[in-house]
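# Results of the structural survey
Listed here are the chains, written in short residue letters.
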Amino acid sequence: MHLKKPFLLLLFTAFHFAGFTQETKPNKLLNTFHSISSHEILEFAEELSDEKYKGRLSGSPEYLQAARWCAGKFEDLGILPASNGSYFQYFPNAYSEVYSTGSFSYTAKGNKKINYTFPEDYFPGSNSASGTVSGELVYVGFGITAPELEYDDYENVDVKGKIVIMESGTPYTKNDSILEKWTPYAYHHYKLRNAVKQGAAGLLYVGKLANPNTVHLENFVYVHIDEKVAEQLFTDSGKNYSEVKKSLGEMKPVSFALNPNQVVNISAETKHFPDAESCNVVGMIEGVDPVLKNEVIIIGGHLDGQGYLGEVFPSALDNASGVADILGAAKALAKSEIRSKRSVLFILFGGEECGLYGSTHYVKDPLFPIEKTVMMINLDMVGNGTGFFVSNGKSFPELFDHFETANEKFLHRELAASEQRKNFGRPRSDASLFENAGINTFLLWTRNSVFPVYYHHPLDKTDVLTPEIMEDAAKLLYLGVLGVANDESL
Ligand SMILES: [Zn+2]
């Protein structure tokens, strides 16, 4: 984004940027501001999306290699290691290596075999057991057994040795205190374990996406299927999939065996690593004020992606983009002639895709006391679109004002914000952990996507990124965070 000359002159003559003192030299600020380059930020995203990192599956050697690359960047910029002299904060992170797309086929009596294909019809399960299962099919709705809620999807069906077809989510969806009772049953880990407990041999999980946030269970082979596959299986059984799906919201289990002449066969080639470790990459800029430097502003975003499922999932928008934006802002904050009074901590999270492991670990073992953490801003999928959205922005106007002012004066992007709302459901972002720890937390993302969003899909490549908004995200972070860091009224 380029500023027009008359506007620049106006800035030099009447500069009252929130959080900066009168002596602040706007040219010093603008020198750094203009050094932030879309070209360089795109290069960061391209590096992290490269095939050599195999989609940055948390815990894998390729993830750790990407983590070392980021730590090297911090070191080059003079950003300090933040964890007792190290850039790495380790935690346990079991993972599975998937060697091929496996196979998934279907036969109904009297019909010939259909070989479903990757990536059109199915994706392999990120934590599937290795091997082959085949069997008849049983539809089990949400796959939930909740005696205290008088609800059991397995009540009237026998799934022993069979392959279950299951939906994600819970029958109750309204975000209130009732939902909280259903939340333990919303976890994929729970649903897979329950299927095994009921005796199922395999699973067709409806909703085609890569998902490392699952669990490896002995001999339990599963795939994620496209809805159109579920439709076909239902139609061949004389059922209407969309009608059954609609009835799921009625809070009554809808489970039944499909026609016994329908048989599917699933195979997977994987290896599980139960004792693996992963890490957050942590770097900091120490504040220059002797007192305020004990307070910290955290800029976070997850480094891990969805890995390799017989094909690389480059995880470019989700979330090489966020990390690239953070590195762009980190460089600006490290080189800035206007120094930050408070300290700034950068956290590139591991294990987000596996179930928010890195952020969970950080809030349990924080590097700065929680009560000294002025704010956290989390970037997830910040790289495709023309506008910004800041969740929770409206709940902390004294902090958000610094970002809004920066945007109004220098960026002129759409910048919308929402109020913080308690989430009674399953936490879906690293930001939730910080929110729950009582830290003032913003979630930044881009909106009005220019390219299709290939969520957890092999087409999430750097060619669906818009580098201009990534440059502006880094600029927004630089000015907004510096504004907060130097605001003595906070
Ligand atoms: Zn993400």
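Residues numbered from 1 in each chain as written. Predicted model: local features only at pLDDT ≥ 70, side-chain atom pairs only at ≥ 80, totals over all residues. Heavy atoms only, no water.

## A few points about the overall build of the protein
Each helix and strand counted, the protein has 14 helices and 22 strands in total. In terms of overall size, the protein behaves like a compact globule, its C-alpha atoms giving a radius of gyration of 24 Å where 490 residues would be expected to give roughly 23 Å. If you line up the protein on its principal axes, its C-alpha atoms span 80 × 45 × 45 Å. The buried share of the protein, reckoned over its 490 residues, is 58%. Of all intrachain contacts in the protein linking residues separated by at least 6 positions in sequence, the fraction that spans at least 24 positions is 82%. Here the protein has roughly 19,900 Å² of accessible surface; of this, 50% comes from carbon and sulfur atoms. Here the protein contributes 44 positive and 61 negative side-chain charges, whose respective centroids are spaced 1 Å apart. (Helix = DSSP H or I, 4+ residues; strand = E, 2+ residues; numbered from the N terminus. Rg over C-alpha atoms; globule rule 2.2 N^0.38 Å. Buried < 20%, exposed > 50% of the residue type's maximum accessible area, 1.4 Å probe, protein only. Contact = heavy atoms within 4.5 Å. Areas by Shrake-Rupley, 256 points an atom, 1.4 Å probe, with all protein chains shown as cover. Lys, Arg positive; Asp, Glu negative; His and termini not counted. Charge placed at Lys NZ, Arg CZ, Asp CG, Glu CD.)

## Comments concerning the packing of aromatic side chains
Tallied over the entire structure, the rule returns 23 aromatic pairs. Relative to Tyr-122, the ring of Phe-104 lies with its centre 5.6 Å away and its plane at 80°, an arrangement referred to as edge-to-face. Note that Phe-104 is positioned in strand 4 (residues 103–108) and Tyr-122 in strand 6 (residues 122–124), a separation of 18 residues in sequence. You'll find Phe-104 and Tyr-122 in the same group, each marked buried. Summarising the aromatic geometry, the rings of Tyr-139 and Phe-234 are spaced 5.0 Å apart at their centres and angled 85° between planes, so their arrangement reads as edge-to-face. (Phe/Tyr/Trp six-rings, centres within 6.5 Å; stacked < 30°, edge-to-face > 60°.)

## Overview of unusual backbone geometry
Cis geometry marks the peptide bond from Phe-118 to Pro-119, where omega comes out at 0°. Structurally, Pro-119 is set in the loop between strand 5 (114–115) and strand 6. With an omega of 10°, the peptide bond running from Asp-318 to Asn-319 counts as cis. Mapped onto the fold, Asn-319 is located in helix 9 (residues 316–335). One non-glycine residue, Asn-84, adopts positive backbone phi at about 45°. You will see that Met-381, though not glycine, has its phi angle at about 65°, which is positive. Take Met-381: it is sitting in the loop between strand 19 (373–379) and strand 20 (387–391).

## Describing the packing of helix 12 (residues 397–411) against helix 14 (residues 467–485)
Contact geometry of helix 12 with helix 14 gives a least axis separation of 8 Å together with a crossing angle of 130°. As far as their axial angle goes, helix 14 and helix 12 are oblique. As helix 12 runs across helix 14, the sense of the crossing is right-handed. Between helix 12, through Leu-399, His-402, Phe-403, Ala-406, Asn-407, Phe-410 and Leu-411, and helix 14, the contact on the second element is made entirely by Asp-472, Lys-475, Leu-476, Leu-479, Gly-480, Val-481, Gly-483 and Val-484. Taken together, the residues of the contact of helix 12 with helix 14 break down into nine nonpolar, four polar and two charged. (Axes fitted to C-alpha atoms, helices over the stretch in contact; angles between N-to-C directions. Parallel < 35°, antiparallel > 145°, perpendicular 65-115°, else oblique. Left-handed = near helix turned anticlockwise from the far one by under 90°. Nonpolar A, V, L, I, M, F, W, Y, C, P; charged D, E, K, R; others polar.)

## Some details on the confidence of the model for the protein
Looking at the protein, pLDDT values average 94 and 95% of them are 70 or higher. Here residues 1–16 scores under 50 on pLDDT; set against residues more than four positions off or in separate chains, the count is 25 contacts. (pLDDT = per-residue confidence, 0-100.)

## Some details on the environment of Tyr-190
Along the chain, the position of Tyr-190 falls in helix 6 (residues 188–197). On the basis of relative accessibility, which here comes to 19%, the residue Tyr-190 falls in the buried class. As for Tyr-190 and Ile-144, which are separated by 46 residues in sequence, their C-alpha atoms are 8.5 Å apart. Excluding its chain neighbours within four sequence positions, the residues that come into contact with Tyr-190 are Gly-143, Ile-144, Thr-145, Pro-184 and Tyr-185.

## Brief notes about the pairing of strand 16 (residues 277–285)
Taken across its nine residues, strand 16 has eight buried, putting it largely inside the fold. As paired strands, strand 1 (residues 80–81) and strand 16 are joined by two bridges and run antiparallel to one another. The residue bridging Pro-81 from the neighbouring strand is Gly-283, located in strand 16. Bridge analysis of strand 2 (residues 88–92) against strand 16 gives five bridges, and the strand direction is antiparallel. Residue pairing across strands places Phe-88 opposite Val-281, the latter belonging to strand 16. Here strand 16 runs beside strand 18 (residues 343–349); their pairing, made up of five bridges, is antiparallel. Of the residues in strand 18, the one forming a bridge with Val-282 is Ile-347. (Pairing = 2+ DSSP bridges.)

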